[in-house]
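# A closer look at the structure
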Amino acid sequence: MTKFKALGLEQSLLDAVSDLGFESPSEVQEKAIPILLENETDLVALAQTGTGKTAAFGFPLIQKIDSNSRTTQGLILSPTRELCLQITNELKLYSKYEKNISTVAIYGGASITEQARQIKRGAQIIVATPGRMKDMINRRLVDISKIDYCVLDEADEMLNMGFFEDIKDILSNTPDEKSTWLFSATMPKEVSHIAKKFMHNPQEITVGTKNAGSSNVQHEYYVVGGRDRYPALKRLADTNPDIFSVIFCRTKRDTQKVAEKLIEDGYSAGALHGDLSQNQRDLVMNSFRKKQIQMLVATDVAARGIDVDDITHVINYQLPDEIETYTHRSGRTGRAGKSGVSMVIVTRSEMRKIKSIENKIQQKFISKKIPTGIEICEIQLYHLANKIKDTEINDDVETYLPAINDVLKDVDREELIKKIVSVEFTRFFNYYNKAKDLNSSESGERGRDRGNRGEVPTSGSVRYFINVGEKDGYDWMSLKDFVRDTVGLNQDDVFKVDVKDSFSFFNTDAEVTEKILSTFTDLKVEGRFVNVEVSKNPGGGGGRRDRKRSSRGGGGRDRGFSRSGGRDRSKRRDRNQGKSENSGNRRNKKRKSDFF
Ligand code: ADP
Ligand code: MG
C-alpha cells in the first residue's frame, strides 16, 4: 500500500487499491503511474499480458479527470468487446470512491442507441472498440473533440486485427494537444509506425525483454504424427486431470471440430470462434470463467479478449502462421504472477518453427513425450485416490448409510478401496492398456505413419473391421450400401459382409484398400466416428473387439473412452440409434445442450 502511495495516487484511489487487494504495484505500474501523474506526456509502454497494464493507465487517468465536468475527457481504445467490458469494470472499481466519474463502454453487438444514451448522460471516460467508435463518430452520437487523454490498449492486437484505418480516423477527430498513451505486449513495426505518426516525443518504458513471452511460462513441444494430434491432445488432458486450458486451432472449422470431439468424448469443453453469435460466445466465456468448461477451444481472433487469470495450460493444437501470434497465445497463461505451461503439438516437418519461436521469445522449449497409456493410468489412479481423500462428505448420505453398509457388509476395508478405485480406473485401464506410442521421433524415420496402420495388403481380397453393427441399425445389405456409397465404389466391390451387434466385417479387393482406409480416416457419421481397419483374420467370421484400439491413427479410434464413462456412452448410443429419424433435430439439440 505505501508503495502505491509513493507513486502519487490520492487517498480515494488508495482505498480502492486496498479493496482490490493489490499489495504492491507491478513493474509496469511502478514505472508508468508516476510519469503519467506528473507530466502531460505521450507514453509508449511495453509489457506482457497479465502484468497489470489496466491499472497502469487506469489510476492516473481517473486521478487526472475533472469530475466536475461532464465532458468526455478520456478515450480508451481496446481491440475486443470482452476487453472493453473488462476495462470498464476495472475502471469502475478503481473509481468507486470518486464521486461523479462515469465510464461507459462502447462496443459492437449491443444497442447503439442505449450506448448513445449513456454517453449523453455525461461520460468522462469512454472505453471503446475501434469499429463501434467510428460508427458512433460518423453518426455524431459521440463527441471526442475535447478529450485530454487517449489510451491505445493492446495496440499490437488492434493492429493485428486490422484496425489501423479505424484508429487513424478516430484520432483525426481528437485534439492535437491531447496526450496519447500506448500500451502493448509487443512492438512490431506497425506499432512503432503508429507511435511515430500519432505521438509526440513519447516517453518509453519496457518491462521485461521486448517481445518476450512471459517468463513464468514453461514452453513444451510434443512431436507426433499428423493424424495423431487429437489423440495426443486427449492424452495431454488426461495427464492433467485438473487442467484449465485454452486450446488454439488455426481455423474456425478445426476449432469447432476439436471442441465437438472433446465433448463427445466426455470432456468439459467448449468452442469459441467467430461463427458463433455474440450471445453464444458470451455463454461459453461465462461457463469458462466459472470453470464449468475445462478446455476452451478457440481461434486466435476469438481468444483475444480472454481475461481469465488461472489458465494452467495453453495448448497449441496447431502452430499459428505468425510467430508473433504464439506470444499472444502463451500469454494467456502464467498471468498475475502464476506459473503456466504452453504446450505445442507439432509434426516433424514443423520443427523448424519451434526454433524461430525460441529466437523470438528468447526462451528454450523443452522437448517432451506424450505419456504412454500406462503412465496416464498411473496419474489417474493417484488423482483418484487424492480426490477420494479430499472429497467433502455430503451429510445427506447419512440416511442411506445403513442400507449401503448392509450391501457392503462382507467387503473388508482393503477390498473396498480396491473396488472404489476400480470403478473409475478400469475404464482408463481398458482404454489405455494397449494404446500405442504416439511419439514421432524428431529426425527422419519417414513412412512411420503408414507403419502405424498395420500392414496394408496390396493384392488379393482384404477383410476389414468396421465399428458399426446391428445396434446402429445396419443389416448386411444396408452396411454394404453404406460402405459402397461412402467410398464411391461399384455395386459388387464390397462383399462377404458380416454384421455383428456392435461391429461388422466386409471384404474388398486390395486395389481399393487405400481408398477405403483414407475415406474412413476421421470420418464422422451422425456425429460419431466410423472407423475401418484391416482385419487380421482374412477368412472372415469373428474378430476381437480390442483390435479396434490397437492400430491405426486418427481421432476415431480413441473415442472408445469417455471421461464421464457409462453415462455418456449410453447417451451416444441413443444418438446413434436415432440416426435414421430426425437426425437434424438431434444435431441441433446436441449443439444447444452440449455447448451452452
Ligand atoms: P494486462 O492488461 O497487462 O494484460 P491486467 O491489467 O488485465 O493485465 O491485469 C492482470 C491481472 O492482474 C488482473 O486480474 C488484475 O486485477 C491483476 N493485478 C493488476 N495489478 C495488480 C497488482 N498490483 N497486484 C495484484 N494483482 C494485480
Ligand atoms: Mg490489458
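Residues numbered from 1 in each chain as written. Chains lettered and ligands numbered in written order. Predicted model: local features only at pLDDT ≥ 70, side-chain atom pairs only at ≥ 80, totals over all residues. Heavy atoms only, no water.

## Regarding the nonpolar core
Quick reminder of the rule: What makes a nonpolar core is a set of buried Ala, Val, Leu, Ile, Met, Phe, Trp, Tyr and Cys residues whose side-chain atoms join them at distances within 4.5 Å. For every residue, the accessible area (1.4 Å probe, protein chains only) is compared with the maximum for its type, and the residue is labelled buried under 20%, exposed over 50%, or partly exposed between those bounds.
Formed by 36 residues in total, the largest nonpolar core has its most connected members in Leu9, Leu43, Ile76, Leu91, Ile125, Trp181 and Phe183. Formed by 33 residues, the second largest nonpolar core is a distinct cluster that contains Ala116, Met133, Met158 and Met199.

## Notes on the pattern of salt bridges
Filter applied, for reference: Salt bridges are defined as contacts in which a side-chain nitrogen from Lys or Arg sits within 4 Å of a carboxyl oxygen from Asp or Glu. Only DSSP runs of H or I with at least four residues qualify as helices, and only runs of E with at least two residues qualify as strands; both kinds are numbered from the N terminus onward.
Scanning the model with the defined rule gives 27 salt bridges in all. One salt bridge connects lysine 31 with glutamate 27, and the closest N-O pair in it is separated by 3.2 Å. Here glutamate 27 and lysine 31 lie together in helix 3 (residues 27-38), a separation of four residues that amounts to about one turn. Judged by relative accessible area, glutamate 27 falls into the partly exposed class, the value being 40%. Linked by salt bridges that have partners in common, Lys134, Asp166 and Asp169 make up one network.

## Here's the deal with the sheet that holds strand 9 (residues 245-248)
Either a parallel or an antiparallel arrangement is found when strands of a sheet pair, and the pairing is made through backbone hydrogen bonds. Operational definition: Only strands joined by at least two bridges in the DSSP assignment are considered to pair. Angles shown run from 0 to 180 degrees and are taken between the N-to-C directions of axes, each axis being a line fitted to C-alpha atoms and, for helices, limited to the stretch in contact. By the convention used here, residues are in contact when the closest approach between their heavy atoms is within 4.5 Å.
Taken in spatial order, the seven strands make up an open sheet running 10-11-9-12-13-8-14, and their pairing is parallel. Edge positions in the sheet fall to strand 10 (269-272) and strand 14 (366-368), since each has one partner strand and no second. Between one strand axis and the next, the sheet turns by 25° as a mean value, whatever way the strands run. Summarising the sheet, strand 10 and strand 11 (residues 295-298) pair through four bridges and their orientation is parallel. Bridge pairing in strand 11 links leucine 272 to alanine 298. Helix 12 (residues 252-264) rests against strand 9, strand 10 and strand 11 of the sheet, and its axis sits at about 165° to strand 10. Helix 14 (residues 323-330) rests against strand 8 (217-223), strand 9, strand 12 (313-316) and strand 13 (340-346) of the sheet, and its axis sits at about 150° to strand 12.

## Some remarks on the packing of aromatic side chains
Under the convention used in this document: Any two of the Phe, Tyr and Trp rings considered here, Trp counted by its six-membered ring, make a pair once their centres fall within 6.5 Å; the pair's planes then place it as stacked at under 30 degrees, edge-to-face at over 60, or tilted in between. Two conditions define a charge located above a ring, namely a distance within 6 Å from the ring centre to NZ of Lys or CZ of Arg, and an angle within 35 degrees of the ring normal.
By the definition in use, this model includes twelve aromatic pairs. Measuring from centroid to centroid gives 5.4 Å for tyrosine 474 and phenylalanine 482, while their planes differ by 40°, and the two rings are tilted. Take tyrosine 474 and phenylalanine 482: they sit in the same class, and that class is buried. An aromatic cluster of at least three residues, connected via ring pairs, comprises Tyr221, Tyr326 and Phe365. The ring of tyrosine 230 is capped by lysine 261, whose NZ or CZ atom sits 4.6 Å from the centre of that ring. The side chain of lysine 291 reaches across the aromatic face of phenylalanine 244, ending 4.8 Å from its centre.

## With respect to unusual backbone geometry
Even without a glycine there, the phi angle at lysine 291 is positive, about 65°. Assignment of secondary structure puts lysine 291 in the loop between helix 13 (278-289) and strand 11. For glutamine 362, which is not a glycine, the phi torsion comes out positive at approximately 50°. On the secondary structure map, glutamine 362 appears in the loop between helix 15 (351-361) and strand 14. Take glutamine 362: its relative accessible area is 57%, and that puts it in the exposed class.

## Things to note about the environment of lysine 291
Put simply, the rule reads: Between N or O atoms, a polar contact is any pair within 3.5 Å; within protein, one atom must be a potential hydrogen donor and the other a potential acceptor, and residues adjacent in sequence are included only when both atoms are from side chains.
By relative accessible area, lysine 291 is classed as partly exposed at 43%. Along the sequence, lysine 291 and isoleucine 311 sit 20 residues apart, while their C-alpha atoms lie 9.9 Å from each other. Separated by 3.1 Å, the side chains of lysine 291 and aspartate 310 make a polar contact.

## Describing the site of ligand 1
How we decide: Being near a molecule or strand, for a residue, comes down to having at least one heavy atom within 4 Å of it. Basically, the charged four are Asp, Glu, Lys and Arg, the nonpolar ten are Ala, Val, Leu, Ile, Met, Phe, Trp, Tyr, Cys and Pro, and anything else, Gly included, counts as polar.
Close contacts around ligand 1 come from 18 residues, with Gln29, Gly50, Lys53, Thr54 and Asp309 the closest. In this structure, an oxygen atom belonging to ligand 1 sits 2.7 Å away from a side-chain N or O atom of aspartate 309. When the residues that make up the shell around ligand 1 are grouped by side-chain class, the tally is four nonpolar, ten polar and four charged.

## Quick word on the sheet that holds strand 17 (residues 504-509)
On the basis of which strands lie adjacent, the open sheet formed by four strands has the order 16-17-15-20 and antiparallel pairing. On the outer flanks of this sheet lie strand 16 (495-499) and strand 20 (532-534), each paired with one strand and no other. Across the sheet, the mean angle from the axis of one strand to that of its neighbour is 25°, orientation sign disregarded. With three bridges joining them, strand 16 and strand 17 adopt antiparallel strand pairing.

## Regarding the side chain of arginine 229
Note on placement: arginine 229 falls in helix 11 (residues 229-239). Judged by relative accessible area, arginine 229 falls into the buried class, the value being 12%.

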